[in-house]
Amino acid sequence: MTEVEENAVDRRAELQSRLGMYNRMVEIRQVEERVQALFNENLVRGSTHLCSGQEAVSVGLASVARVTDRVTCTYRGHGMALSLGVTPAQVIGEIVGRQIGCTGGLGGSMHLCDVSVGLYPTFAIVGAGLPVAAGVALAARLRDTDDVAFAVFGDGAANIGAFHETLNLAGIWELPVVFVCENNLYGEYTRIDLSTPVDDLSDRAASYGIPGEVVDGQNVDEVIGAVSGAVRRARAGKGATLLEMKTYRYSGHSRSDPATYRPPGELEQWQSRDPIQILGDRLVEDGLAGHDELTCIAEQVAERVELAVDRVMSSPEPALEEMFRHVSATQLMTDDRT
Amino acid sequence: MDNNSTQKLRMRQAVLEALGDELESDPSVFLMGEDIADAGGAFKATEGLLQRFGPKRVLDTPISEMAFLGAGVGAATMGLRPVVEMMFIEFIGVALDQLVTEAAKFRYLSRGQLEVPLTVRASAGAGLGFGCQHSQMLDNWFRNTPGLKVVVPSGPRTAYGLLRAAIRDPDPVIVLEPRSLYGARETVQRGEAGILPLGVAEIVTEGSDVTIVALGQMVAVAVEAAEAADWTAEIIDLRTLVPWDDETVMASVERTGRLVIVEESPYSGGWGSDIVGEVAAQLFGQLQAPPLRVTAPDAPVPFSGNLESVYLPSADYVRTQVGELLESGRRPLPWWERGVVLR
């Protein structure tokens, strides 16, 4: 395995500064753009689900979570992986299917993972991460630790059974889990008002006896405030919270989706509340950075991302025996069979 | 402290003792399921465990199979050893994703960073008049998922030994307990000595004319069939369906030259086909008769007792089919292709 230039845990710590958060949000945006370009060059197999526009949610969450907390996240998870600390080379490497990838090229775009910073293999089945997060939270309760589980899912998952069953379970057992719904207005190709009869998904928390809250998912400070509150509750043994992050994905559902179903002007309207711009303006306003500095950050990130792409391209594809490794504890290798 | 006694137990008691002994010996083991705590389980296989081990070890759940099976998966990734009960195996249909697509993939997708030492145990199978939505084995649903082990005990002794091994296994294991055997009695060796390794079949009877491979409640059916027969069989209790013990099966068929499989599930897509395929490929030329599968027909499990007793392979039916195979050297047709009902 090629050496990894940066350590995921150290990268996570960078989110403790506001410039660090800005830096990470820019990195996520640029990685997604680079992934799209790699697609166009036919270097990526299968599909991928970009999260441009939603960066404040993952960065805000990751800045609050401890590395011993656990996160189950959807297949739109490149941003969450980068936020939690997985390096650009590990993320891009996984998407391209190389050994340097965070799961060695065995998972792909939808299955990013690094448990050292709490990231479970991202879930390609809508809603499937919620019960697992509840189980992680249950383990924390049974063992009397104050670790928290985060279940990150989209608005589409709010209509699947796992959402309702798990919120109910978390309600009766007062599990230390934070349900983070990234409501980006579309479940695959379908607008939320065509699939869901309530305006605010957070209303559904009331059915399960837990607090629900609408959060401006474009503003990282709002995200941090809401997640911090939910985490405090969870660590104090007061149970679960449902946070609905109102946000937007700039791209279609997946690479084959041009998102022609969106009404004209909607994308531009959301882009006018771009999460990176909002944080950048705030940094300037607070005197933490000048415009030049922000431009400089973007340039530095671009260099880092290009370096990561270079490293990915020089990383080998996974070896044949990796197909059998980690299927079971007792490894089934072809040469073990007579 | 391990109880190393030898006791005559009913199978539901053997399950109860296995759970109790594992709860006792490993503090990371806990149980979850519908009505398993206060009520002691629909089949009384967890009776008294709440009182013995308390509410942090024995948890009643809502009727939310996806949530509590998935919670078992999540808790297992944290190093606990959850034993999740599905009251009837059919109930896993609404939660299958968590076992097949999540639990069985986590070790692989995390490159070994996560383990899922989860045990799912369920009552399964026909024979008690529960009708077609509460009588299936569904064993064949689970055997095409690398990363998942499948275990089927054939009575109290194997129920005890295999369940304890399943709980200790570092990977997800599903244990299908033949519901009709909960009342069956047998001498059970408790303690470490009673634990039976997964993936190892057991030769139940010695014989020379034919090898009979059976699983679950069909093991006793095969034994009964052979007892009153004019042929002798080496009867193998497969015990673990995934991974199945091909060494024991191959060695036996090499000795006898004939293979019969007795399966409780419908004919099409049954696990016996895999064994027939392997035996035919590995021992081609050594077989003295075509391999024979004795199974249930491709029909839902009927409710009425007269039909259900025909649906399940009976000892008489197995004896007749094996007898015809040995006599004619050809595969006898199953009863549903003959236009007559054999009892």
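Everything discussed here concerns the structure shown above.
Residues numbered from 1 in each chain as written. Chains lettered and ligands numbered in written order. Predicted model: local features only at pLDDT ≥ 70, side-chain atom pairs only at ≥ 80, totals over all residues. Heavy atoms only, no water.

Visitor: What should I look at first to understand the overall build of chain B in this one?
Guide: The helix and strand inventory of chain B stands at 10 helices and 14 strands. Relative to a compact globule of 343 residues, whose C-alpha radius of gyration would be 20 Å, chain B shows 20 Å and is just as compact. Counting only C-alpha atoms and orienting by the principal axes, one finds that chain B spans roughly 60 × 45 × 40 Å. By the burial criterion, 61% of the 343 residues in chain B qualify as buried. Summarising the internal contacts of chain B: among those between residues at least 6 apart in sequence, 79% fall at separations of at least 24. Total accessible area on chain B stands at roughly 12,300 Å², and carbon and sulfur atoms take up 52% of it. (Helix = DSSP H or I, 4+ residues; strand = E, 2+ residues; numbered from the N terminus. Rg over C-alpha atoms; globule rule 2.2 N^0.38 Å. Buried < 20%, exposed > 50% of the residue type's maximum accessible area, 1.4 Å probe, protein only. Contact = heavy atoms within 4.5 Å. Areas by Shrake-Rupley, 256 points an atom, 1.4 Å probe, with all protein chains shown as cover.)

Visitor: Hey, could you run me through the overall build of chain A in this one?
Guide: From N to C terminus, chain A includes 12 helices and 7 strands. Against the compact-globule benchmark of 20 Å for 338 residues, chain A has a radius of gyration of 20 Å, which places it among compact chains. For chain A, the C-alpha atoms occupy an extent of roughly 55 × 55 × 40 Å along the three principal directions. Residues classed as buried in chain A amount to 59% of the 338 residues present. Here chain A has roughly 13,200 Å² of accessible surface; of this, 50% comes from carbon and sulfur atoms. Here chain A carries 29 positive and 48 negative side-chain charges, and the mean point of each set is 4 Å from the other. (Lys, Arg positive; Asp, Glu negative; His and termini not counted. Charge placed at Lys NZ, Arg CZ, Asp CG, Glu CD.)

Visitor: For this particular structure, what's the right way to read the environment of A:Val44?
Guide: Residue and element names in this part refer to chain A. If you trace the backbone, Val 44 turns up in the loop between α2 (18-40) and α3 (55-64). Classification of Val 44 as buried rests on a relative accessible area of 3%. In this structure the C-alpha to C-alpha distance between Val 44 and Cys 296, which are 252 residues apart in sequence, comes to 30 Å. Dropping the residues within four chain positions of it, Val 44 is found in contact with Val 35, Leu 38, Phe 39, Ile 95, Val 96 and Arg 255.

Visitor: Which parts of the structure should I look at to understand unusual backbone geometry?
Guide: Negative phi is the rule for most residues except glycine; trans is the rule for most peptide bonds. Looking along the chain, the bond that leaves B:Val242 and enters B:Pro243 is cis, with omega of -5°. Note that B:Pro243 resides in the loop between β12 (240-242) and α7 (246-256). The phi torsion at A:Glu174 lies on the positive side, around 50°, for a residue other than glycine. Its place among the elements puts A:Glu174 in the loop between α7 (161-173) and β3 (177-183). The exposure class of A:Glu174 is partly exposed, given its relative accessible area of 43%. A positive phi angle, close to 80°, is found at A:Leu185, a residue other than glycine. For A:Leu185, the location among the structural elements is in the loop between β3 and β4 (186-187). We classify A:Leu185 as buried; its relative accessible area is 15%.

Visitor: In this structure, what is going on with the side chain of A:Thr74? I would like to understand it.
Guide: Residue and element names in this part refer to chain A. Mapped onto the elements, Thr 74 comes out in the loop between β1 (70-72) and α4 (78-84). There is a polar contact of 3.0 Å between the side chain of Thr 74 and the backbone nitrogen of Arg 76. Once you skip the residues sitting within four places of it in the chain, Thr 74 turns out to touch Thr 122, Phe 123, Val 152, Phe 153 and Gly 154. (Polar contact = N/O pair within 3.5 Å; in protein donor to acceptor, adjacent residues only side chain to side chain.)

Visitor: Please explain the packing of α7(B) against helix α8 (residues 272-282) of chain B as it appears in this structure.
Guide: Two measures define how a pair of helices packs: the angle their axes make with one another and the distance between the axes. Residues and elements named next belong to chain B. Here α7 crosses α8 at 55°, and the two axes come no closer than 11 Å. In terms of their interaxial angle, α7 and α8 are classed as oblique. As for the relative orientation of α7 and α8, their crossing is right-handed in sense. Between α7 and α8, the residues in contact are Asp 246, Val 249, Met 250 and Val 253 and Ile 275, Glu 278, Val 279 and Gln 282, respectively. Taken together, the residues of the contact of α7 with α8 break down into 5 nonpolar, 1 polar and 2 charged. (Axes fitted to C-alpha atoms, helices over the stretch in contact; angles between N-to-C directions. Parallel < 35°, antiparallel > 145°, perpendicular 65-115°, else oblique. Left-handed = near helix turned anticlockwise from the far one by under 90°. Nonpolar A, V, L, I, M, F, W, Y, C, P; charged D, E, K, R; others polar.)

Visitor: So what exactly am I meant to see when it comes to the sheet that holds strand β13 (residues 259-266) of chain B here?
Guide: Pairing between the strands of a sheet comes from backbone hydrogen bonds, and it takes one of two forms, parallel or antiparallel. Residues and elements named next belong to chain B. Here 5 strands make up an open sheet; going across it, the order is β9-β11-β10-β13-β14 and the pairing mixed. In this open sheet, the two strands that pair with only one neighbour each are β9 (202-205) and β14 (292-296). Taken pair by pair, the neighbouring strands of this sheet meet at an average axis angle of 25°, ignoring direction. Against the sheet, α7 contacts β9, β10 (210-214), β11 (233-237) and β13, and its axis sits at roughly 170° relative to β11. (Pairing = 2+ DSSP bridges.)

Visitor: Whenever I open this one, the pattern of salt bridges confuses me. Can you help?
Guide: Opposite charge on two side chains makes pairing possible when the charged atoms of those side chains draw close. Residues and elements named next belong to chain A. This model, assessed by the stated rule, comprises 46 salt bridges over all chains. Two residues, Arg 273 and Asp 216, come together in a salt bridge whose shortest N-O distance is 2.7 Å. Residue Arg 273 is found in the loop between α10 (266-271) and α11 (275-285), and its partner Asp 216 is found in strand β6 (residues 212-216); the two are separated by 57 residues along the sequence. Here Arg 273 falls in the partly exposed class, since its relative accessible area comes to 35%. (Salt bridge = Lys/Arg side-chain N within 4 Å of Asp/Glu carboxyl O.)

Visitor: Please clarify how the interface of chain B and chain A should be interpreted in this entry.
Guide: By a frequent convention, interface size equals the accessible area lost on bringing the separate parts together. Every contact between the two is made by 38 residues of chain B and, on the other side, 40 residues of chain A. If you sort the residues of chain B by the area they bury against chain A, B:Met78, B:Leu109 and B:Arg111 come out on top, with a joint share of 22%. Put simply, chain B and chain A have 2 salt bridges between them. A salt bridge links A:Glu322 to B:Arg111; the shortest N-O distance between them is 3.0 Å. (Buried area = accessible area lost by both parts, 1.4 Å probe.)

Visitor: Sorry if this is basic, but what is going on with the packing of aromatic side chains here?
Guide: The description of an aromatic ring pair uses the distance of the two centres, along with the angle that the planes make with each other. This model, assessed by the stated rule, comprises 13 aromatic pairs over all chains. Centre to centre, the rings of A:Tyr186 and A:Tyr248 are 6.4 Å apart; their planes meet at 75°, and the pair counts as edge-to-face. Of this pair, A:Tyr186 sits in strand β4 while A:Tyr248 sits in the loop between β7 (241-246) and α10; the two residues are 62 residues apart in sequence, bridging distant segments of the chain. Across the pair, exposure class does not vary: A:Tyr186 and A:Tyr248 are buried alike. Counting every residue linked through ring pairs, the aromatic cluster contains A:Tyr186, A:Tyr189, A:Tyr248, A:Tyr261 and A:Trp270. When the ring centre of B:Tyr108 is taken as reference, the NZ or CZ atom of B:Arg111 above it lies at 4.9 Å. Against the face of B:Tyr267 rests B:Arg293, its NZ or CZ located 4.4 Å from the ring centre. (Phe/Tyr/Trp six-rings, centres within 6.5 Å; stacked < 30°, edge-to-face > 60°. Lys NZ or Arg CZ within 6 Å of the ring centre and 35° of its normal.)

Visitor: Can you help me understand the sheet that holds β1(A) in this one?
Guide: Residues and elements named next belong to chain A. Pairing is parallel in the open sheet, where 5 strands are placed in the order β1-β2-β3-β7-β6. The sheet is open, and its two borders are formed by β1 and β6, each paired with just one other strand. Looking at each pair of strands side by side, their axes are set apart by 20° on average, direction ignored. The pairing of β6 with β7 spans 5 bridges and is classified as parallel. Bridge pairing links Glu 213 to Leu 243 in β7. Sitting on the sheet, α3 is in contact with β1, β2 (149-154), β3 and β7, with an inclination near 165° to β3. Sheet contacts for α7: β2, β3 and β7; angle to β3, the most-contacted strand, approximately 150°.

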